[in-house]
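Secondary and tertiary structure notes
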Amino acid sequence: IRMRLEPNGRMRTSWNTTGAETFRWSSSTNAFWRGANLENIAKPFHSMTGAILPNLRAAIIPDRGKLLWEPDLAGADAQAVARDSGDVVLQQMFREKVKIHAERAKLVYGASAGPDGRREPYYTLAKKGGHLWHYCGKSRTMATSLGITVGEADRLVARLAGIHPGIPAWWRRLDAQVRANRTITNAFGYRYVWFGRIEDALPKVTAWIGQGTVACVINRAAANVYATVPGGELLMNQPDSLVGQTDLDR
């Protein structure tokens, strides 16, 4: 909200295409200390409490005569985890096209999550907790991140493991692979070599598979838009979506 704009009124950011091992682009203030990190833009409400916040997204507008667009990969990280882990339940959820986080909220919290699984804070707990758990998030880390007790986080972790037994099995497979030769490969054929302590590898390795696979898809889509879509002007590269603008008559 307090970021400095350019002299011409534009909001800028500096994108680093090589900053992350997961192929994601990182975003920061530019060389003149103007702009901000635009990789994740806050929603107009607090996800845990529902409290109203300033709607920063509404402040981002296209140039005159242009239309903003944002193609989005729905549940992208979870889809990558489902495919690589082979978890039967998670794959079936995607095949049936259910709302993954809402369905998990109902499975974990029962009636407390509401008939549609979207009652807060249970929906957000299931969503954020699920993402953390996919990448080996421990109960203490989860408790701090979600604002719950360690005991509540323990129960969430245990319930998720009961629903998706294929994911802990995936962790064990990746752990054995890293211990054997310190190397894993993603669906695009890229190799990741772990040089650190073996005991610290698993969270990094699982995130590299999930987030990195999605980033590879998004980056290819960005390059394709740039090369083949007339008048398609890329503005932002988000973790699982692209933002750009195009002339209204195109």
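Structure report, in brief. Owing to the predicted nature of the structure, the values given are computational and were not obtained by experimental measurement.

Digging into unusual backbone geometry
Residue Pro121 is bonded to the preceding Glu120 through a cis peptide linkage, with omega at 5°. For Pro121, the location among the structural elements is in the loop between α3 (100-109) and α4 (122-134). Of note in this structure, Trp33 is not a glycine but carries a positive phi near 65°. Taking the relative accessible area as the measure of exposure, Trp33 reaches 65% and is therefore exposed. Phi is positive for Arg182, which is not a glycine, with a value near 60°. Here Arg182 lies in the loop between α7 (166-181) and β4 (183-185).

As for the pattern of salt bridges
Under the counting rule described, the total for this entry stands at 8 salt bridges. A salt bridge links Asp247 to Lys66, with the shortest nitrogen-to-oxygen separation between them at 2.7 Å. Taken together, the residues Asp247 in strand β7 (residues 242-247) and Lys66 in strand β3 (residues 66-69) connect sequence positions 181 residues apart. For Asp247, a relative accessible area of 26% corresponds to the partly exposed category. With its nearest N and O atoms 3.6 Å apart, the salt bridge here joins Glu103 to Lys106. Of the two residues, Glu103 and Lys106 both sit in helix α3, 3 residues apart, roughly one turn of that helix. Members of the salt-bridge network, linked through shared partners, are Arg197, Glu199 and Asp200.

The rules behind each value
- Residues numbered from 1 in each chain as written.
- Predicted model: local features only at pLDDT ≥ 70, side-chain atom pairs only at ≥ 80, totals over all residues.
- Heavy atoms only, no water.
- Helix = DSSP H or I, 4+ residues; strand = E, 2+ residues; numbered from the N terminus.
- Buried < 20%, exposed > 50% of the residue type's maximum accessible area, 1.4 Å probe, protein only.
- Salt bridge = Lys/Arg side-chain N within 4 Å of Asp/Glu carboxyl O.

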